[in-house]
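So the chains spell out like this:
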Amino acid sequence: MPLTGLAQEMTSTQRWPEKGWALLQLLLVASASSAEEPVCRHRGDPENPLLSKNGDIILGAIFSFHASWKDRKDSYMNKPLPLQCTSLNFRDLQFAQAMLFAIEEINNSTDLLPGISVGYKIYDDCGPDTRSIGATLALANGNEIVSVPSKTPCTRPAHVQAIIGATSSSKSIAVATVIGPFFIPVISHFATCACLSDKTKYPSFLRTIPSDYYQSRALAHLVKYFGWTWVGAIRSNDDYGNNGMATFTETAQQLGICLEYSVPLFRTDPSAKIQRIIDIIKASTSKVIVAFITRADFHVLLREFSYYNLSGYQWIGSETWIFDSRTAEMDTHHILDGAIGLSIPKVHVTGLREFILNEKPLNSSNNELFIEFWETLFNCRFRQSASSADIQRECTGHEDVTGVQNSFIDMSLMPLFNNVYKGVYAVAHALHNILSCNKTCNKNVPLDPFMVLQHIRKIHFTTKEGDEVHFDENGDPAAKYDIINWQSKKNGVVEFVTVGLYNPSLVPEKQLNLQSKSLIWARNSKQVPVSVCSEKCPPGTRKVLQKGRPVCCYDCIRCAEGEISNVTDSVTCVRCLPEFWSNEKRDACIKKEAVFLSYEDIMGALLTAASLIGACMTIGVILIFFKYRKTPIVRANNSELSFLLLFSLILCFLCSLTFIGQPSDWSCMFRHVAFGITFVLCISCLLGKTMVVLMAFRATRPGSNVKKWFGQTQQRLCVTAFTLIQINICIIWLTTSPPFPFKNFKEIKDKITLECALGSVVGFWAVLGYIGLLAILCFIFAFLARKLPDNFNEAKFITFSMLIFCAVWITFVPAYVSSPGKFSVAVEIFAILASSFGLLICIFIPKCYIILMKPEKNTKKYMMGKKAPNSL
């Protein structure tokens, strides 16, 4: 509710209790000082009501019939003259008429308070909040001089049963603070400050208009509904604006809305302060302004906006000005076009409009007020009220009220008139219950203010228009708001169009009901304005707050590889599961591609071809050796071991194929076992052949029996024993911790490397170590036999082949460890093939060359070191 007190008369909310109690203490002191006087007498000038009527029951009221007063210069030498009020306020005059209308209906009713006449005393607070306190005490005590014995206490029942008003929150705080200790009910029709719901401070206060607690939250939800996260805020610098904006700010923060600025304004602020507010708004980047401000304060701001032609802002308004026709008339520059806000739901009270426009009730109550009203309404003067020089146009008293164009005939405030109407009826229903009214009422029941207050809190009735009236434990009615949109027509007239409803009693999802398609926005646009500090972060990015700025100001950072965000304005990026990877837009996780050394890969195809070529070459050698098996070069040094060696080489070439293809349980176990056993078989054969060469020459010495201990049987047993040792090692490995298929997610970040885990690392290196041990022994024996006399000393070739073999496998270890993914498999295959080709070429190709190209050297004499005959 607007707070209309002037700045020089206003204090903070916290000081009102102090002022109220101070005034009461002064009254008590005054009473004590006059204890010896024969009568009880009020100190100071009596406060007389502006409108009054006697009755069995008296209702009080406080309205601001005037908006200001004439300045006076006090000399402090004489008693100050009474305050002279000026600037008739049509709006509060209409509030008073709504009260008179309700009282007249009750007095004419046979169902409500039958036989009881209701009177009234209505005071004009003239604007200042301090005047409201004086009027409150006058309503509580009355002005009559009462003669009592000197020692009799000056106490008696309250003069009125309830007080209707005041119009603003600040005045209501003052009134409720002073009258609260006496528990006289105060029912306001337009005081919305949420602070008034505190029953410990204001025990007798009730109202027929919802608390700003609901309005402030509704405005925040309205801002959130349209996606505005960066807004400015202007508030009245009083109880209404400060409390309302505090609730709005709290709710806005909960909803993720940021305020770029929040500035207070009061209509009497100096021009420099108002200019600073304009500069702040000009420099801002937000396009939405939330104005929780009184009508009078807003008019000051609107004039400044019109002067600087600051248009294009989307205004969000509170109920004080959003459906005020006077504000719309002032907006000649269309600053407020498309404004949206909350208002009390529209109602119709049958007969009230006609009663307000009928001047007779006002004329019969106060002739002076009627004259002032008439002259202000028609801008004329009665001869008896002014000198001839002041007369602009003479009033006849017969002017047509309905034909005048001003705020008095504007019925847009009918919801507020209805609030006054409901407040009067609430008191009437409570008194009806207290007096046990049926066809008649018990007039002998003593009326205690506390009793009246308790019954008002419990009332629950329905008006003739179907409105339910009741109060909660805080003295507040049920909250419900219309959502109003300013829509400018072709003729420039602003129409307040209802575009939605806010009902906080419903579940959160249904509280706000809007017809968005019918909305008109700033500058008569049909496009929803955008007001954000930073644009929304699309999927695939995350928000990073800008240092030193509100949470609504942020940068959009792209998600890192392997992370995604699939919602707008994501605060964090979510890491994909190990088997998935982020797509290019980083807004979805896609299954990683499984990679392994396959036959389709170029590398796999080349290694496969090399393996098959090696196997075919070995088979070719076998065929050559089989064909020339009777020749000396084949028979020399145990041909049986040569064929076994060639067979093992075929297996070595072919075992490399088990490393190609997608790993499986059987392939992982088979590849390492096949590799270990075949190479041990191969090295065992070489070791046997080397030992045969070495022992053969030692057997030629006189008295040597070496040949007897190293014949063919011993060679077979030697090969078999060496091979069985490797087989046992492999069996132990497979039974304890065998190799198994493994998905490597770390080797290549966006792919899954399918490989064979070793299982037991000790088992793997035991297999390799055993092969290396045999190779070293073979190399040592061959090295020792390399200079033995013979034209074809096989030990030389074995030495060279073992040198290649050891070099390959020594370089294999670091290459294998450092190679990623499928390349480690390729390195292992390459080592197998390289060492196999080294054995095949170094040992058997020279023999094949002699067999095929130099058959003349394939003789026993040549083999024994004797020269062969010259070939023809």
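Predicted model only: the values in this text are computed from it and were never measured. (Residues numbered from 1 in each chain as written. Predicted model: local features only at pLDDT ≥ 70, side-chain atom pairs only at ≥ 80, totals over all residues. Heavy atoms only, no water.)

1. Details of helix α12 (residues 367–378)
The following threshold applies: Comment: elements are numbered from the N terminus, with helices defined as DSSP H or I runs of at least four residues and strands as E runs of at least two. Here the expected length of a helix is defined as 1.5 Å per residue gap, with one fewer gap than residues. The cut-offs for exposure are 20% and 50% of the maximum accessible area for each residue type, with area from a 1.4 Å probe on protein chains only; residues under the lower value are buried, those over the upper are exposed, and the others partly exposed.
Between the first and last C-alpha of α12 there are 16 Å, a value that for twelve residues agrees with the 16 Å anticipated at 1.5 Å per step. Residues of α12 that are buried include every one of Leu 369, Phe 370, Ile 371, Phe 373, Trp 374, Glu 375, Leu 377 and Phe 378, and no others. Within two residues after α12, Asn 379 carries a phi angle of roughly 55°, on the positive side.

2. Brief notes about the sheet that holds strand β15 (residues 340–343)
Quick reminder of the rule: Should DSSP find at least two bridges between two strands, the strands are taken to pair. To get an axis, fit a line to the C-alpha atoms, keeping to the stretch in contact for a helix; angles then go from 0 to 180 degrees between the N-to-C directions. Any two residues whose heavy atoms approach within 4.5 Å are treated as being in contact.
In spatial order, the strands read β12-β11-β13-β14-β15-β18-β19-β20; together these eight strands make up an open sheet with mixed pairing. Here the strands that pair on one side only, and so sit at the sheet edges, are β12 (258–265) and β20 (512–514). Direction aside, the axes of adjacent strands within the sheet are offset by 25° on average. Of the pairings in the sheet, the one linking strand β19 (residues 494–502) to β20 comprises three bridges and is antiparallel in character. Its bridge partner lying in β20, Leu 501 is registered against Asn 513. Lying on the sheet, helix α6 (residues 239–254) is in contact with β11 (230–236), β12 and β13 (288–292); it crosses β11 at an angle near 160°. Against the sheet, helix α7 (residues 271–283) makes contact with β11, β12 and β13, and its axis sits at roughly 165° relative to β12, the strand it touches most.

3. Some remarks on the state of the cysteines
Put simply, the rule reads: Criterion for a disulfide: a pair of cysteine sulfur atoms at a distance within 2.5 Å.
Considering all chains together, one arrives at ten disulfides under this definition. Here Cys 258 is linked by a disulfide to Cys 552, with a sulfur-sulfur distance of 2.1 Å. The disulfide joining Cys 258 to Cys 552 has a torsion of about 85° about its S-S bond and is therefore right-handed. Highlighted residues: Cys 258 in strand β12 and Cys 552 in the loop between β21 (541–545) and β22 (554–558), separated in sequence by 294 residues. Given the relative accessible area of 4%, Cys 552 is considered buried. Two residues, Cys 533 and Cys 553, share a disulfide whose sulfurs are 1.9 Å apart. Of note, the bridge from Cys 533 to Cys 553 carries an S-S torsion of about 105° and is right-handed in sense. Highlighted residues: Cys 533 in the loop between β20 and β21 and Cys 553 in the loop between β21 and β22, separated in sequence by 20 residues. For Cys 553, a relative accessible area of 0% puts it in the buried group.

4. Remarks on the pairing of strand β6 (residues 118–124)
With respect to burial, β6 is a largely interior element, seven of its seven residues being buried. Burial along β6 is two-sided: the face carrying Val 118, Tyr 120, Ile 122 and Asp 124 and the face carrying Gly 119, Lys 121 and Tyr 123 are both buried. Examined bridge by bridge, strand β2 (residues 51–53) and β6 share three bridges and lie antiparallel to one another. Following the sheet pairing, Lys 53 is matched in β6 by Tyr 120. Direction of pairing for strand β3 (residues 57–63) relative to β6: parallel, over a ladder of seven bridges. When the bridges of β6 are listed, Ile 62 appears paired with Tyr 123.

5. Quick notes on the confidence of the model for the chain
Defined as follows: A score from 0 to 100, pLDDT tells how confident the predictor is in each residue.
The predicted model of the chain averages 84 in pLDDT, with 86% of residues at 70 or higher. Contacts of residues 386–391 to residues separated by more than four positions or lying in other chains number four contacts, the stretch itself having pLDDT below 50.

6. Looking at the pattern of salt bridges
Operational definition: The term salt bridge refers to a side-chain nitrogen of Lys or Arg lying within 4 Å of a carboxyl oxygen of Asp or Glu.
A complete count under the given rule lists 17 salt bridges for this structure. Across the pair Asp 476 and Arg 207 runs a salt bridge whose closest N-O atoms are separated by 2.7 Å. Of this pair, Asp 476 sits in the loop between β17 (468–470) and β18 (481–488) while Arg 207 sits in strand β10 (residues 205–207), placing them 269 residues apart in sequence. Residue classification places Asp 476 among the buried residues on the basis of a relative accessible area of 4%. A salt bridge links Lys 749 to Glu 561; the nearest nitrogen and oxygen atoms lie 2.4 Å apart. Of this pair, Lys 749 sits in the loop between β28 (740–744) and β29 (751–757) while Glu 561 sits in the loop between β22 and β23 (563–564), placing them 188 residues apart in sequence. Using a relative accessible area of 46% as the deciding quantity, one classes Lys 749 as partly exposed. Given the relative accessible area of 37%, Glu 561 is considered partly exposed.

7. Concerning the packing of helix α17 (residues 639–655) against helix α23 (residues 822–853)
Any two packed helices are characterised by the angle at which their axes cross and by the distance between the axes. Selection criterion: Angles below 35 degrees are treated as roughly parallel, those above 145 as roughly antiparallel, those between 65 and 115 as roughly perpendicular, and all remaining angles as oblique. Rotating anticlockwise by less than a right angle from the far helix to the near helix defines a left-handed crossing, while the corresponding clockwise rotation defines a right-handed one.
Look at α17 against α23: their axes get within 10 Å of each other, and the N-to-C directions meet at 150°. In this view, α17 runs roughly antiparallel relative to α23, as classed from their interaxial angle. Between α17 and α23 lies a crossing of left-handed hand. Between α17 and α23, the residues in contact are Ser 642, Leu 645, Leu 646, Leu 649, Cys 652, Phe 653 and Cys 655 and Ile 832, Leu 833, Ser 836, Phe 837, Leu 839, Leu 840, Ile 843, Phe 844 and Lys 847, respectively.

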